[in-house]
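# A look at the structure
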Amino acid sequence: MTVSGIPLLIQKKILLGLLAGSCLVVFLTLVFYPADEHSPLQHLSQADSLIQEELSRFRVPSDRIRTINYPVTDDFTRKRYIVLLPPGVSKTHFHSELNRKLHPYRVETVGFADVPEGEVNVLILFENKIIRTIELRTDPDHS
């Protein structure tokens, strides 16, 4: 039997049933499989761990990462990372992946490119305060 052999009213009822069934499946999926949400950062060291994870994922050796601490107040120290990326690694791709990793923790990233120098500076913000900065450079000595 072909579709043209089924009366139009029955075709519409079948289509309505399929549409209702798919809506029900989507609803149940949203109810029983909630989004993977994280709570905000509990400690600023969590941001450091996530930054280190991403640097490791991009295979940046630890000897190509320099960290400088800047005491801002008695209970807050801002860290600055100076990272020498291998020549084939895209700085904007790294920034994008880092943003994707930090975003669930309600951490924002803002990047600035210095075009003539080829550097990218990434500001890491939590609760509208710069907590970390990352200076991404291309490693001139990497072979």
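Preceding this section is the structure that the text describes.
Residues numbered from 1 in each chain as written. Predicted model: local features only at pLDDT ≥ 70, side-chain atom pairs only at ≥ 80, totals over all residues. Heavy atoms only, no water.

## Some points on the overall build of the chain
Each helix and strand in the chain was counted, giving three helices and five strands. Along its sequence from the N terminus, the chain presents helices and strands in the succession α-α-β-β-α-β-β-β. By principal-axis analysis of the C-alpha atoms, the chain measures approximately 75 × 40 × 25 Å. Here the chain holds 143 residues, and 27% of them are scored as buried. Sequence separation of at least 24 residues holds for 53% of the intrachain contacts in the chain that already meet a minimum separation of 6. About 10000 Å² of surface is accessible on the chain, with carbon and sulfur atoms providing 58% of the total. Measuring between centres, the 16 positive side-chain charges of the chain sit 7 Å from its 17 negative side-chain charges. (Helix = DSSP H or I, 4+ residues; strand = E, 2+ residues; numbered from the N terminus. Buried < 20%, exposed > 50% of the residue type's maximum accessible area, 1.4 Å probe, protein only. Contact = heavy atoms within 4.5 Å. Areas by Shrake-Rupley, 256 points an atom, 1.4 Å probe, with all protein chains shown as cover. Lys, Arg positive; Asp, Glu negative; His and termini not counted. Charge placed at Lys NZ, Arg CZ, Asp CG, Glu CD.)

## What about the packing of aromatic side chains?
Aromatic rings in a pair are described by how distant their centres are and how their planes are angled relative to each other. In this structure the tally under the stated criterion is one aromatic pair. The residue whose ring lies beneath Lys-129 is Phe-76, and the NZ or CZ to ring-centre distance is 4.3 Å. (Phe/Tyr/Trp six-rings, centres within 6.5 Å; stacked < 30°, edge-to-face > 60°. Lys NZ or Arg CZ within 6 Å of the ring centre and 35° of its normal.)

## Some thoughts on the packing of helix α2 (residues 44-57) against helix α3 (residues 91-102)
Axis separation between α2 and α3 bottoms out at 10 Å; the angle between their running directions is 140°. Relative to α3, α2 is oriented oblique. Along this stretch, α2 crosses α3, giving a crossing that reads as right-handed. Contacts from Leu-50, Ile-51, Glu-53, Glu-54, Leu-55 and Arg-57 of α2 reach α3 at Phe-94, Glu-97, Leu-98, Arg-100, Lys-101 and Leu-102. Considering only residue class, the contact of α2 with α3 consists of six nonpolar, no polar and six charged. (Axes fitted to C-alpha atoms, helices over the stretch in contact; angles between N-to-C directions. Parallel < 35°, antiparallel > 145°, perpendicular 65-115°, else oblique. Left-handed = near helix turned anticlockwise from the far one by under 90°. Nonpolar A, V, L, I, M, F, W, Y, C, P; charged D, E, K, R; others polar.)

## A short note on a nonpolar patch on the surface
A cluster of nonpolar side chains, contributed by Leu-24, Phe-27, Leu-28, Val-31, Phe-32 and Tyr-33, occupies part of the molecular surface with about 690 Å² of accessible area. On the secondary structure map, Val-31 appears in helix α1 (residues 8-32). Take Val-31: its relative accessible area is 45%, and that puts it in the partly exposed class. (Patch = residues over 30% accessible without salt bridge, like charges linked within 9 Å, V, L, I, M, F, W, Y side chains within 5 Å. Salt bridge = Lys/Arg side-chain N within 4 Å of Asp/Glu carboxyl O.)

## Some thoughts on the nonpolar core
The biggest cluster of nonpolar side chains holds 25 residues, and the ones touching the most others in it are Val-83, Ile-124, Ile-134 and Leu-136. Contributions of two or more residues to this core are made by α2, β2 (76-85), α3, β4 (119-126) and β5 (129-138). Beyond its immediate sequence surroundings of up to four residues, Val-83 is in contact with Leu-55, Val-60, Arg-64, Ile-65, Ile-134, Glu-135, Leu-136 and Arg-137. (Core = buried A, V, L, I, M, F, W, Y, C linked by side-chain atoms within 4.5 Å.)

## Digging into the pattern of salt bridges
All chains considered together, the criterion is met by ten salt bridges. In this structure, Arg-132 engages Asp-48 in a salt bridge whose closest nitrogen and oxygen atoms are separated by 2.6 Å. Of this pair, Arg-132 sits in strand β5 while Asp-48 sits in helix α2, placing them 84 residues apart in sequence. As far as burial versus exposure is concerned, Arg-132 and Asp-48 are alike and both buried. Here Arg-100 ties to Glu-97 by a salt bridge, and the two come within 2.7 Å at their closest N and O atoms. Placement of the pair is Arg-100 and Glu-97 together in helix α3, with a separation of three residues, close to one helical turn. By relative accessible area, which is 15% here, Glu-97 ends up buried.

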